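Tertiary structure, described
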Amino acid sequence: MIAVITALLALASGPEVVRLRLVADELPAASRHGPFLYAYNGLNPGPTIRAKLGDTVEVELVNQLDFATTIHWHGVKVPWAMDGITWMQRPIAPGETFTYRFVVSQAGTFWYHPHLDTDRQVDAGLYGALIVEDPNEPRAEEMVWVFDSAEERGEHSASHGHARREERWLVNGAHAPVFSVRGGSVIRARLINASNTGYLALRGPGKLRVIAGDQGLLPALDLQKRVLLAPGDRAELELLPGREDLELVAEPYSLNGGDMHGEHVHVLRLKVEAPRAPSPGLRWPFPGGRVRRDPGYADLIYTFTGSDRWESGMINGERFPDVTVEAVALGSEAIIELRNVSSSEHPFHLHGVSFEVLSVNGVPPPARTIEDTYNLRIRDRVRVLLRADNPGDWMLHCHILPHAEHGMMTVLRIQ
Ligand code: C2O
Ligand code: CU
């Protein structure tokens, strides 16, 4: 009997195939809201895909748009052919269907979006969350918040990054939503910044309990006054509502120089339904681990130049697709130096593999951080360690989507 139950439990928790059909289509005029013109399955954001570590995700993309599209699985280590990049995959033409299939090997908060005409397609509503759960992590109440900034639809002018005072943040497509919570509960909030250009500088009433970043749990709990999410970035918070409502606000922040003067804007509110003493929080299995020492050299250097105002961004003096493909040997480790000598910030994003930050302007980060999207501030010189364990020609680009679309993108080959 016990053996049978054990076997059943093993079956229930063993790897599964998570299947989903995503229909990319224009929204009928009557159901349009906010800045959204297109949607997956009629939803903005698209459906949240949830899988467990080791599961196979199988997504059938049906393209009912009248232009070509693809899906990229941002932050997920997928085989190159499943990465949704046009360098590798023929775009999915109108009326066509393509099935993406991959095994998820890293727990965390990820997202999906097109990787073709990306600035326009993402801006108009094509994106969604992909959550990979680790059954060994304790269970909390889950909330997934996909952030977008509302005023950036249409023409991208020199003003993007400015005018943070008028910034309106949308959370799952809604402006300043209110979520009901119970006092004493533990909420795991998964945050994704899906905005094309907007930096979300999020602040709570007290210190925020950051438990995870781009690639799953942090080495330890990180208490922060503020969490800065650049476009493409993710973080997870443990929220412990007690007797009072919790309000999250965004401070004014510009990609053209960081913090700005001005008023904060309301982002969302957690309304406490049954006030109680707050929970002390859960025991997350933080992995620990020290920051690796910066060896003081770099195998590869990527220099970001240009001006946001003129959309003249380049990497190593080149503009995609006319780029030099640098190569790293499969199975090796490479030290990459990122230099931002341009006049704006750039969230550096690399496909296919994750990287560890070794130093920022010569100083090691306070804790070990594994990233796939890392914001480069103006004049930053950042060294990262890349473990070249996934073969492919991986896109490396700035996640300010108008920058990427104007060529701030290159290719790193792992073979
Ligand atoms: Cu989220 Cu190459 O992108
Ligand atoms: Cu950029």
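**So, the overall build of the protein**
- Looking only at helices and strands, one finds three helices and 31 strands in the protein.
- For a compact globule of 415 residues, the expected C-alpha radius of gyration is about 22 Å, and the protein comes in at 21 Å, within 12% of that figure.
- Dimensions of the protein along its principal axes, counting C-alpha atoms only, are 60 × 55 × 55 Å.
- Relative to its full complement of 415 residues, the protein shows a buried share of 55%.
- Within the protein, counting contacts between residues at least 6 apart in sequence, those at least 24 apart form 77% of the total.
- When the accessible area of the protein is evaluated, it comes to approximately 17300 Å², of which 53% is carbon and sulfur surface.

**Notes on the side chain of Thr69**
- For Thr69, the position within the fold is in the loop between strand E4 (56-63) and strand E5 (72-74).
- Only 2.7 Å separates the side chain of Thr69 from the side chain of Gln121, close enough to count as a polar contact.
- Residue contacts for Thr69: discarding those within four places in its chain leaves Leu61, Asn63, Pro91, Ile92, Pro114, Leu116 and Gln121.

**Observations concerning the sheet that holds strand E2 (residues 38-40)**
- The strand order across the open sheet formed by four strands is E2-E1-E4-E6, and the pairing between neighbours is mixed. Taken across any chain shown, the strands that pair with only one partner, and hence form the sheet edges, are E2 and strand E6 (97-103). Neighbouring strand axes in the sheet, compared pairwise and without regard to direction, differ in orientation by 15° on average.
- Bridge analysis of strand E1 (residues 17-26) against E2 gives three bridges, and the strand direction is antiparallel. Residue pairing for E2: Asp25 is matched across the bridge by Ala39.

**Concerning the environment of Ile92**
- Position of Ile92 relative to the elements: it lies in the loop between E5 and E6.
- With relative accessibility at 2%, the residue Ile92 sits in the buried group.
- Measuring from C-alpha to C-alpha, the distance between Ile92 and Arg377 comes to 35 Å, with 285 residues separating the pair along the chain.
- Discounting residues that sit within four places of it in the chain, Ile92 has contacts with Leu61, Asn63, Phe67, Ala68, Thr69, Thr70, Thr97, Phe98 and Tyr100.

**Observations concerning the coordination of the copper ion (ligand 2)**
- Distances from the copper ion (ligand 2) to its protein donors, His346 (ND1), Cys398 (SG) and His403 (ND1), fall at 2.0 Å.
- Site description for the copper ion (ligand 2): donor spacing in sequence, H-x51-C-x4-H. With a gap of 52 residues between them, His346 in strand E25 (residues 346-350) and Cys398 in strand E30 (residues 392-398) connect regions that are remote in the sequence.
- On the accessibility criterion, Cys398 (0% relative accessible area) is buried.

**What to know about the sheet that holds strand E23 (residues 326-328)**
- An order of E23-E31-E30-E25-E28 is seen for the five strands of this open sheet, with the pairing classed as mixed. Where the open sheet ends on each side, the last strands, each with one partner, are E23 and strand E28 (373-376). Ignoring which end each strand starts from, the neighbouring axes of this sheet average 25° apart.
- Note that E25 and E30 share three bridges and pair antiparallel. Bridge assignment links Leu350 to a residue of E30, and that residue is Leu396.

**Structural notes on unusual backbone geometry**
- The amide bond that connects Asn44 to the next residue, Pro45, takes the cis arrangement and shows omega of -10°.
- Mapping Pro45 onto the fold places it in the loop between E2 and strand E3 (49-52).
- The residue after Phe320, namely Pro321, is reached through a cis peptide bond having omega 5°.
- In this structure, Pro321 sits in the loop between strand E22 (314-315) and E23.

**Things to note about the packing of aromatic side chains**
- Evaluated as defined, the whole model comprises 13 aromatic pairs.
- Between Tyr199 and Tyr253 the ring centres are 5.3 Å apart and the planes differ by 25°, which places this aromatic pair in the stacked class. Linking Tyr199 in the loop between strand E13 (187-193) and strand E14 (200-213) with Tyr253 in strand E18 (residues 253-254), this pair joins segments that are 54 residues apart in sequence. Tyr253 matches Tyr199 in its accessibility class, with the two residues each being buried.

**Considering the nonpolar core**
- Judged by nonpolar contacts, the single largest core of 32 residues is most densely connected at Tyr302, Phe304, Leu338, Leu350, Leu386 and Leu412.
- Listed by contribution, the elements that provide at least two residues to this core are strand E21 (300-305), strand E24 (333-340), E25, strand E26 (355-360), E28, strand E29 (381-387), E30 and strand E31 (409-414).

**As for the pattern of salt bridges**
- Under the defined criterion, the tally for this structure stands at 34 salt bridges.
- Residue Arg190 pairs with Glu142 through a salt bridge whose shortest N-O separation is 2.6 Å. Placement of Arg190 in strand E13 and of Glu142 in strand E9 (residues 141-149) is noted, with a sequence separation of 48 residues between them.
- Using a relative accessible area of 2% as the deciding quantity, one classes Arg190 as buried.
- Glu142 sits in the partly exposed class, given a relative accessible area of 27%.
- Here Arg188 ties to Glu236 by a salt bridge, and the two come within 2.7 Å at their closest N and O atoms. In this pair, Arg188 is assigned in strand E13 and Glu236 in strand E16 (residues 234-239), connecting sequence segments 48 residues apart.
- Connected through salt bridges with shared partners, the residues Arg50, Glu133, Glu137, Arg139, Glu142, Arg188, Arg190 and Glu236 form a single ionic network.

**Let's talk about the pairing of E21**
- Across five bridges, E21 lies against E24 in parallel orientation. Within E24, the position partnered with Phe304 by the bridge is Asn340.
- Strand direction decides the pairing type here: E21 and E22, joined by two bridges, are antiparallel. Considered in E22, the bridge of Phe304 is made with Ile315.

**Focus: the side chain of Glu345**
- Locating Glu345 in the fold gives a position in the loop between E24 and E25.
- No salt bridge is formed by the buried Glu345, whose closest oppositely charged neighbour, Arg377, lies at an N-O distance of 5.9 Å.
- Among the polar contacts listed, one links the side chain of Glu345 to the side chain of Tyr253, at a separation of 3.0 Å.

Cut-offs and rules
- Residues numbered from 1 in each chain as written.
- Chains lettered and ligands numbered in written order.
- Predicted model: local features only at pLDDT ≥ 70, side-chain atom pairs only at ≥ 80, totals over all residues.
- Heavy atoms only, no water.
- Helix = DSSP H or I, 4+ residues; strand = E, 2+ residues; numbered from the N terminus.
- Rg over C-alpha atoms; globule rule 2.2 N^0.38 Å.
- Buried < 20%, exposed > 50% of the residue type's maximum accessible area, 1.4 Å probe, protein only.
- Contact = heavy atoms within 4.5 Å.
- Areas by Shrake-Rupley, 256 points an atom, 1.4 Å probe, with all protein chains shown as cover.
- Polar contact = N/O pair within 3.5 Å; in protein donor to acceptor, adjacent residues only side chain to side chain.
- Pairing = 2+ DSSP bridges.
- Axes fitted to C-alpha atoms, helices over the stretch in contact; angles between N-to-C directions.
- Donors = N, O, S within 2.8 Å, 3.2 Å for Na, K, Ca; no water.
- Phe/Tyr/Trp six-rings, centres within 6.5 Å; stacked < 30°, edge-to-face > 60°.
- Core = buried A, V, L, I, M, F, W, Y, C linked by side-chain atoms within 4.5 Å.
- Salt bridge = Lys/Arg side-chain N within 4 Å of Asp/Glu carboxyl O.
- Lys, Arg positive; Asp, Glu negative; His and termini not counted.

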